[in-house]
Amino acid sequence: MMIVWVCGRYYKGSPWEILGIFYEEHDARDLCTKDIDFIGPVEINKKLPEKNMEWPGCYYPLKEKT
């Protein structure tokens, strides 16, 4: 199983933006500069459900520090 980390930015009411994809969680976390930046793990070569769902392991690093 191979995991990569997606770093993105979410503006309420808008689509989220991808800021980068990394092999290491700390590299994705280091890219976060705003409290609306998030990171989350994605397993490579794994089909995901075609429905809205919670993203296990996704979090907002800068919100966690406050």
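Coordinates for the structure precede this section.
All values derive from a computational prediction rather than experimental measurement.

1. Description of the packing of aromatic side chains
Thinking step 1. Per the stated rule, a full pass over the model turns up four aromatic pairs.
Thinking step 2. Pairing W16 with F38 gives two aromatic rings, centres 5.2 Å apart and planes at 80°, and the pair type is edge-to-face. In this pair, W16 is assigned in the loop between strand 1 (3-9) and strand 2 (17-22) and F38 in strand 3 (residues 37-43), connecting sequence segments 22 residues apart.
Thinking step 3. What makes W16 partly exposed here is its relative accessible area of 44%.
Thinking step 4. Relative to Y60, the ring of F38 has its centre 6.0 Å away and its plane inclined at 65°; by these criteria the two rings are edge-to-face. Of the two residues, F38 sits in strand 3 while Y60 sits in the loop between strand 3 and helix 2 (61-64), which places them 22 residues apart along the sequence.
Thinking step 5. Grouped by ring-pair contacts, the aromatic residues W16, F38, W55 and Y60 constitute a single cluster.
Thinking step 6. Here the guanidinium or amino end of K63 rests over the ring plane of Y60, the centre of that ring lying 4.6 Å away.

2. Some details on the layout of surface pockets
Thinking step 1. Approximately 500 Å³ is the volume found for the largest pocket.
Thinking step 2. As for the largest pocket, its lining consists of 14 residues, and the residues nearest its centre are L48, M53, E54, W55 and P56.
Thinking step 3. Top contributing element to the lining of the largest pocket by residue count: strand 3, with three residues.
Thinking step 4. Here the lining of the largest pocket is built from residues that sort into nine nonpolar, one polar and four charged.

3. Some remarks on the sheet that holds strand 3
Thinking step 1. With antiparallel pairing, the three strands of this open sheet are ordered in space as 2-1-3. The open sheet terminates on both sides in strands that have one partner only, identified here as strand 2 and strand 3. Sheet twist, expressed as the mean angle between neighbouring strand axes with direction ignored, is 25°.
Thinking step 2. Pairing between strand 1 and strand 3: seven bridges, direction antiparallel. Bridging across to strand 3, C7 finds its partner in I39.

What counts, and at which threshold
Residues numbered from 1 in each chain as written. Predicted model: local features only at pLDDT ≥ 70, side-chain atom pairs only at ≥ 80, totals over all residues. Heavy atoms only, no water. Phe/Tyr/Trp six-rings, centres within 6.5 Å; stacked < 30°, edge-to-face > 60°. Helix = DSSP H or I, 4+ residues; strand = E, 2+ residues; numbered from the N terminus. Buried < 20%, exposed > 50% of the residue type's maximum accessible area, 1.4 Å probe, protein only. Lys NZ or Arg CZ within 6 Å of the ring centre and 35° of its normal. 1 Å grid on protein atoms, 1.4 Å probe; cavity = no way out; pocket = protein on both sides within 12 Å on 5 of 7 lines; lining within 4 Å. Points joined across faces, edges and corners; volume = space filled by probe spheres on them. Nonpolar A, V, L, I, M, F, W, Y, C, P; charged D, E, K, R; others polar. Pairing = 2+ DSSP bridges. Axes fitted to C-alpha atoms, helices over the stretch in contact; angles between N-to-C directions.

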